[in-house]
Amino acid sequence: SAPQTHTANADLAGEVDRLLAELGVKRSDYTEGTIVVRTPITGGIIGRVAEIGAAEAAGAIEQAHAAYLGWRLVPPPKRGELVRLFGEELRASKEALGRLVSIEVGKIVSEGLGEVQEMIDICDFAVGLSRQLYGLTIATERGEHRMMESWHPLGVTGIISAFNFPVAVWAWNAALALVCGNSLVWKPSEKTPLTALATHALFGRAVKRFNEAGGDAPQGLAAVLFGGREIGELLVDHAKVPLVSATGSTAMGRAVGPRLASRFARALLELGGNNAAIVAPTADLDLTLRGVAFAAMGTAGQRCTTLRRLFVHESIYDSFVPRLKQAYASVTVGSPLQGGNLVGPLIDGAAYRAMQIALEAASAAGGQVQGGERIAIEGAADAYYVRPALVEIATQTGPVKHETFAPILYVMKYRDFDAVLELHNAVPQGLSSSIFTNDLREAETFLSARGSDCGIANVNIGPSGAEIGGAFGGEKETGGGRESGSDAWKTYMRRTTNTVNYGRTLPLAQGVKFDV
Ligand code: UN1
């Protein structure tokens, strides 16, 4: 008995119209152009946006550079005021923007709203940060000298974002980059231009209020460029873009990283994850069940932090895994707008086919597959709803080592803690990880130098759903970048080390003599 969509596509297109009007987007901005926008809820068309030409895109980058030259002179707490106003706009429009995220990406309503909350949170964080861009005072070996470091704005920050967090990831970068004194050029996913337009319109409202109150936000401080790979490449290759923050596949990162390196620009890469959890003998299994269910099935398995590998200790395997399989069999799949559904659609047919290919490979490797089949939803023949798949598999092999951006959880049995730690780390990706245990030694070992090799390591929490206050990112093929909280802001600034001699002699460092 599959739940039914209560909204046909015509209703959704109408709702998109109303939401975009409320959010301040001009109708012609999303009704004309060659990029066709579909909602994964029905597969139907909800908009069209114009692709930017190369010359126009280069012009926007030049304009952003000119904007940076002015913006860098605005004192940081004043820059923070613009971000504070943007946070206010987001609060006022949380319902509308969150709903639009749900329609454009297919997230359940609570997760669409959560995405906007994540934007609000990073704005608050950045406002505080705007008064805390601290450098150090450093002990110098010379008398009557002072040594310190200062942090200065960097330039145009290029942002390439993915469909799955279409606006939050931009906001993590944008809020920090703005208080750091940078301007922004954003290339959103071609699959999610409408939420980008809406976010941009809200930012425009904040800029307007800021300038009306005497602020000095230059024209072109933030640009959004719609287009495909060529536009991304233009951003990556442009001499006036000293930093590109790119979220997407490892394949994308492999293309972007070396190009940036070749011109000595900074890369902040957030690439694939293949996140695991270990369920140890002492785990609280009720809590674990909920943690695993959200991390593995939430967002239909389309978070970079989604739980994809589960190692369950042999002593609890037979009591835990059947309960998990039951949760997989009964989780509600259907329109993300309909209350009660926990799993919405995959983004498109390509995602569905990739999922089927991975499941076939898992079967061929001896995996026992439960779920994974397409679910027909009335009024949504062109949509791709699936039952989340749970695959019991003996060894970590084949598709288990790859990130498939779909709800597939590979479940493996383990006996020895040290051996499972090794298996945990034996994949190319290194984003997020967790252990469910009440054993202090196991928990602390998991977090220690010989434990998880990921950028995020949790205890009794799944690997997804991080707060913005921590640095977000991962190691190995995940790309090494850190964005969001902690000291991630440093990537968006350049550091200068300053030595001042306030004496009348010129002692040289290291005692060097050079008397002319
Ligand atoms: C992503 O999937 O690209 O930790 C980002 C999380 C979210 C962000 C996910 N805060 O799952």
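Please read these numbers as outputs of a predicted model, since none were measured by experiment. (Residues numbered from 1 in each chain as written. Predicted model: local features only at pLDDT ≥ 70, side-chain atom pairs only at ≥ 80, totals over all residues.)

1. Thoughts on the UniProt feature "domain: Aldehyde dehydrogenase" (unreviewed entry) in the protein
- Mapped onto the present numbering, the UniProt feature "domain: Aldehyde dehydrogenase" (unreviewed entry) falls at residues 33-496.
- Helix makes up 40% of residues 33-496 and strand 20%, whereas the separation of the span's terminal C-alpha atoms amounts to 45 Å. (UniProt positions renumbered as here; feature names shortened; annotations may be inferred. Helix = DSSP H or I, 4+ residues; strand = E, 2+ residues; numbered from the N terminus.)

2. Looking at the pairing of strand E8 (residues 243-247)
- The buried fraction of E8 amounts to 5 of the 5 residues, a majority that puts the element mostly inside the structure.
- Neither face of E8 is exposed, since Leu-243, Ser-245 and Thr-247 on one face and Val-244 and Ala-246 on the opposite face are all buried.
- Strand direction decides the pairing type here: strand E5 (residues 156-160) and E8, joined by 4 bridges, are parallel. Residue pairing in the sheet places Thr-157 in a bridge with Leu-243 of E8.
- Here E8 pairs with strand E9 (residues 266-270) via 5 bridges, running parallel. Residue Ser-245 lies in a different strand from E9, and its bridge partner there is Leu-268.
- After leaving E8, the chain enters helix H9 (residues 250-262) and then returns to the sheet as E9, a path that is right-handed. (Buried ≥ 20, exposed ≤ 12 C-beta atoms within 10 Å, placed from the backbone. Pairing = 2+ DSSP bridges. Right-handed = clockwise from strand over helix to strand, strands pointing away.)

3. Comments concerning the UniProt feature "active site" (unreviewed entry) in the protein
- The residues that UniProt annotates with the feature "active site" (unreviewed entry) are Glu-270.
- The residue Glu-270 is located in strand E9 in this model.
- With near-sequence residues (within four places) excluded, Glu-270 lies in contact with Thr-247, Cys-304, Gly-473, Gly-479, Gly-481 and Glu-483. (Contact = placed C-beta atoms within 7 Å.)

4. Quick look at unusual backbone geometry
- The phi torsion at Glu-144 lies on the positive side, around 50 degrees, for a residue other than glycine.
- Within the secondary structure layout, Glu-144 lies in the loop between strand E3 (137-138) and strand E4 (145-153).
- In the Ramachandran plot, Thr-299 falls in the positive-phi region, its phi being about 55 degrees despite a non-glycine side chain.
- With respect to the helices and strands, the residue Thr-299 is situated in the loop between helix H10 (285-297) and strand E11 (307-313).

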